[in-house]
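Remarks on the overall topology
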Amino acid sequence: MTDALFDMPEETPAPAARAEDAVACSTAVAVYPLVPTRSFDEPLTYGLPDELASDVGVGSIVEVPLGKAARVGVVAAVDVDRPPGVALKPVSRIVDAPRVPASLVSLAEWVADQYGCARTVAIGLVVGPRFAAQARASAVPHRRRQLAVRRIAEDVGGLDLTKRQRDLAARIPTGWIALSVLLERLGTTRPTVGKLAEAGVVALEEQFLDELASDEPELEEGDVADALDGIDVGRTAAAGGSLVELTRAQLDAVDACWGADGDPDPATLLVGITGSGKTEVYLETIARALEEGKGAIVLVPEIALTPQTARRFLARFPGTVEVLHSAMTKAQRAVAHERIARGDARVVVGPRSAVFAPVQPLGVLVVDEEHDPSYKQDSEPRYDARRVAFRRALGEGARLVLGSATPRPESWHGIRRHVVMRERPGGGRLPPVELVDLRDHADHFPLTTPVQDAIDAVLQRGRKVIVLHNRRGYAVALHCRSCGHTFRCPRCDVSLVIHGRIARRQRLTCHHCGHDERVPEACPECRSGDIARMGAGTERLEGLIAERWPATPVHRLDADAVRTRGAVGDILTAFNQPGPGILVGTQMVAKGHDFPDVELAVVIDADAGLAIPDFRAEERAFSLVAQLAGRAGRSAATAEHARVLIQTWDPEHSFLTFARAHDVDGFLARELGEREQHGFPPYSRIVRVLVSAREEGPRDEWALAIAKGMRQLGAGSVLGPARLLRINDRERAQVLVATHRASDVASAVRKFLKTTEAGRRKVDVRVALDVDPQALV
């Protein structure tokens with residue numbers, strides 16, 4: 001280890017891949033091999049055989065020799081300078097895969113520079129699911145001879161075929177595809193394909209093909225609805241046309257989002273109260289892009305939690321939408337990626353990784369619910385999809401629309417063009433927000449008398465209730481009343497959480513490392529049987545509600561209730577059935593759900609997240625309350641009696657004052673004033689370096705050295721190192737830098753990580769770099 005950690009040598013030209021036997025190639029290319037190590041942070045130089053030269057360009061996926069292995073790589077540049085006196089290894093072959101757009105190669109390099117990850121890892125973001133794993137694994141896609149099929153007849157009109165055979169022929173690609181894969185994708189049989197071959201429609205031959213490790217069929221668009229976790233909201237009859245007559249405010253918003261030709265600023269912040277029709281603005285803006293022959297990308301926090309939004313895009317643009325979601329298998333994601341790359345899908349809807357979808361040319365990028373923290377990747381590469389979206393829109397001349405009812409202070413401050421929509425179409429209003437002082441109702445927590453009375457009234461009218469409690473499990477801790485012992489995780493410095501509503505089956509679980517044990521009958525320290533379950537989580541709350549209102553269907557939506565595929569859809573569909581109902585859950589219930597019968601929204605403990613030592617704590621609390629408030633009174637039938645009840649121990653807290661008034665502008669102004677005073681984002685950027693080790697000694701040694709190196713760099717205010725809670729048997733500490741030169745800090749740390757990789761591995765020290773972290777604990 002060195003004290004001057006960030007005094008690194010200047011970058012050198014791309015190293016050459018040395019050949020044992022010189023191969024004459026008239027052209028040299030720079031290639032990023034897809035490998036996980038930081039040793040290949042720059043492209044390697046290879047010779048390009050003349051017979052391949054006309055087919056290789058920036059973004060081509062090729063196979064190259066690397067040591068004794070063959071690796072997949074992405075061409076970063078062509079016709080590069082040849083290192084003097086070095087015989088280059090040649091590119092082995094061109095891999096049969098769509099070329100990565102050159103703009104996405106540049107974008108990946110930018111991501112690496114901004115967020116401090118290896119460039120080979122960043123390149124894995126843009127090559128698609130078929131090859132992305134190569135940046136984390138060691139194998140090249142396997143090629144083997146297999147029976148393949150491709151369509152050779154352009155017109156089958158004059159052939160003696162049945163209607164079914166004609167339909168099948170139209171779906172067979174003109175490029176070679178493994179017969180086994182085709183049969184599974186199209187749900188047909190080998191004899192049927194054989195008849196098409198006899199008729200001269202397709203060719204059947206043995207071909208060497210790259211294997212895609214999959215036994216999953218491709219999702220057709222008609223199957224996407226089933227994959228969206230089963231919620232049945234129906235397709236509109238007018239699919240493909242203009243579905244809704246936009247209001248004047250919505251039309252003005254579309255004009256503003258589309259912007260003026262030649263405007264160098266691509267970004268528009270669309271601030272609309274919940275239910276104001278932001279999605280219709282997105283749809284119309286995308287329609288304009290499609291009319292110009294361009295495509296669109298729509299980012300959403302999580303498709304499974306907002307299936308209604310995805311269905312609206314499918315209904316508006318049938319046949320040209322690709323929906324990416326967590327329920328898709330690797331093979332299905334690979335097929336979807338290739339469909340997008342071919343231009344068969346012009347509109348892509350998906351989570352943060354969809355920002356790298358190969359839509360060309362790109363006309364508009366939409367970031368829905370831009371305040372959602374899930375847009376920040378929490379593992380390497382730790383990119384922020386919102387910032388990446390801005391960079392991509394700027395580089396490709398596309399429009400960028402970021403929408404939210406509760407935008408982030410960073411977006412409110414940093415985006416010049418704001419469009420505000422303060423009314424709901426049809427004249428609906430936001431429901432009144434009322435506070436319940438828990439100091440006056442402590443004996444009845446978590447269901448206070450005012451809350452019970454309000455639920456009674458709503459259910460009597462046959463309406464629905466959403467109850468938010470941001471704590472999973474049955475109880476938050478197990479405590480011995482006799483000796484004071486609290487049951488804690490043996491691998492983490494946290495209390496164990498009780499799960500399970502049946503006492504004899506309850507388990508103690510760690511939400512950090514997954515440690516699990518049964519709830520004991522007696523305290524292990526003093527053998528007393530007087531052990532108490534402290535606090536209430538969503539499981540206990542569900543049980544209390546079911547006991548209090550036994551005739552009303554009660555549904556729970558949290559991470560524990562949706563572990564199986566399709567569970568989210570089952571829960572939301574059941575809750576959406578006619579008649580009274582109660583949905584209880586964590587922040588999942590505050591997502592963009594649109595249930596017309598919801599008349600009451602309840603927050604059980606609005607103060608739960610305020611104790612976290614994070615400058616964003618109040619922002620998250622305000623956003624959560626405001627988003628939940630938007631779930632109530634979204635139809636004319638429920639608007640009159642719609643209410644929001646917030647239980648709190650501190651009714652005078654400033655964020656609740658703004659929440660009661662639905663005053664987003666006022667909250668942002670106050671928040672920005674405080675952040676400017678303390679130098680928090682957006683008036684600086686935060687870079688976090690997290691150090692972990694099995695022992696405290698190595699942790700402290702490396703954390704202190706990193707902090708010293710950052711101070712020597714002089715790029716900003718350095719805090720720490722500060723010790724954090726032990727997680728999964730690893731001692732942790734962090735160093736924070738508040739800086740206006742985040743990319744310089746990231747670059748210095750990236751070089752440090754590259755040069756110290758072997759030394760850190762010897763003492764089992766891990767260092768994680770996080771630019772713009774969303775959590776500081």
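Residues numbered from 1 in each chain as written. Predicted model: local features only at pLDDT ≥ 70, side-chain atom pairs only at ≥ 80, totals over all residues. Heavy atoms only, no water.

Things to note about empty space enclosed by the protein
Under the criterion given, the structure shown has 6 cavities of 30 Å³ or more. Counted as a void, the largest cavity has a volume near 60 Å³. Forming the walls of the largest cavity are Ile61, Ala97, Pro98, Val127, Gly128, Pro129, Arg130, Phe131, Ala334, His337 and Glu338. For the lining of the largest cavity, the secondary-structure elements that each account for two or more residues are α4 (129–132) and α12 (330–342). Split into classes, the residues belonging to the lining of the largest cavity amount to 7 nonpolar, 2 polar and 2 charged. (1 Å grid on protein atoms, 1.4 Å probe; cavity = no way out; pocket = protein on both sides within 12 Å on 5 of 7 lines; lining within 4 Å. Points joined across faces, edges and corners; volume = space filled by probe spheres on them. Helix = DSSP H or I, 4+ residues; strand = E, 2+ residues; numbered from the N terminus. Nonpolar A, V, L, I, M, F, W, Y, C, P; charged D, E, K, R; others polar.)

Observations concerning the environment of Lys751
With respect to the element layout, Lys751 can be found in helix α23 (residues 742–755). Given the relative accessible area of 27%, Lys751 is considered partly exposed. The sequence separation of Lys751 and Cys117 amounts to 634 residues, and the corresponding C-alpha distance is 9.7 Å. (Buried < 20%, exposed > 50% of the residue type's maximum accessible area, 1.4 Å probe, protein only.)

Comments concerning the sheet that holds strand β19 (residues 497–499)
Sheet architecture is open: 3 strands sit in the order β19-β20-β21, paired in antiparallel fashion. Each edge of the open sheet is held by one strand with a lone partner, namely β19 and β21 (516–518). Averaged over all pairs of adjacent strands, the angle between their axes in this sheet comes to 35°, without regard to strand direction. The sheet contact formed by strand β20 (residues 507–509) and β21 spans 3 bridges and is antiparallel. Within the sheet, the bridge partner assigned to Arg507 lies in β21 and is Arg518. (Pairing = 2+ DSSP bridges. Axes fitted to C-alpha atoms, helices over the stretch in contact; angles between N-to-C directions.)

Topic: the pattern of salt bridges
Side chains that differ in charge, positive against negative, can pair when their charged atoms come close. Applying the stated criterion across every chain yields a total of 48 salt bridges. Between Asp255 and Arg288 there is a salt bridge, and its shortest N-O distance comes to 2.8 Å. With Asp255 in helix α9 (residues 248–258) and Arg288 in helix α10 (residues 278–291), this residue pair connects regions lying 33 residues apart in the sequence. Note on Asp255: relative accessible area 39%, which makes it partly exposed. With a relative accessible area of 23%, Arg288 lands in the partly exposed category. Between Glu757 and Arg761 there is a salt bridge, with the nearest N and O atoms lying 3.3 Å from each other. Of this pair, Glu757 and Arg761 both sit in helix α24 (residues 757–762), 4 residues apart, roughly one helical turn. A residue is classified by how much of its surface remains accessible, and Glu757, at 22% relative accessible area, is partly exposed. (Salt bridge = Lys/Arg side-chain N within 4 Å of Asp/Glu carboxyl O.)

Here we look at the confidence of the model for the protein chain
Mean pLDDT over the protein chain works out to 83, with 87% of the residues at or above the 70 mark. Predicted confidence is poor over residues 1–13, with pLDDT under 50, and the contacts of this stretch with residues over four places away or in other chains come to 25 contacts. Contacts of residues 137–143 to residues separated by more than four positions or lying in other chains number 21 contacts, the stretch itself having pLDDT below 50. (pLDDT = per-residue confidence, 0-100. Contact = heavy atoms within 4.5 Å.)

Observations concerning the nonpolar core
Core analysis: the largest hydrophobic core is formed by 114 residues, its most contacted members being Ile297, Val388 and Met710. The residues touching Ile297, leaving out its near neighbours within four places in the chain, are Val348, Ala354, Val355, Ala357, Val359, Leu362, Val364, Leu365, Val366 and Arg392. Tyr282, Val300, Leu314 and Val321 belong to the second-largest nonpolar core, a separate cluster that totals 28 residues. (Core = buried A, V, L, I, M, F, W, Y, C linked by side-chain atoms within 4.5 Å.)

Examining the packing of helix α22 (residues 696–713) against α23
Between α22 and α23, the shortest axis-to-axis distance is 11 Å and the interhelical angle comes to 135°. Taken together, α22 and α23 sit at an angle that is classed as oblique. Classified by chirality, the crossing of α23 by α22 is right-handed. Judged by residue contacts, Trp702, Ile706, Met710 and Leu713 of α22 engage Asp744, Val745, Ala748, Val749 and Phe752 from α23. By residue class, the composition of the contact of α22 with α23 is 8 nonpolar, no polar and 1 charged. (Parallel < 35°, antiparallel > 145°, perpendicular 65-115°, else oblique. Left-handed = near helix turned anticlockwise from the far one by under 90°.)

Things to note about the pairing of strand β9 (residues 267–272)
Of all 6 residues that make up β9, 6 are buried, and the element is covered over most of its length. In β9, alternate side chains face the same way, and those of Ala267, Leu269 and Val271 on one face and Thr268, Leu270 and Gly272 on the other are all buried. Examined bridge by bridge, β9 and strand β14 (residues 399–404) share 5 bridges and lie parallel to one another. Bridged to Ala267 within β14 is Leu400. Bridging between β9 and strand β15 (residues 418–421) involves 4 bridges; their strand directions are parallel. Directly across from Leu270, in β15, lies its bridge partner Val419.

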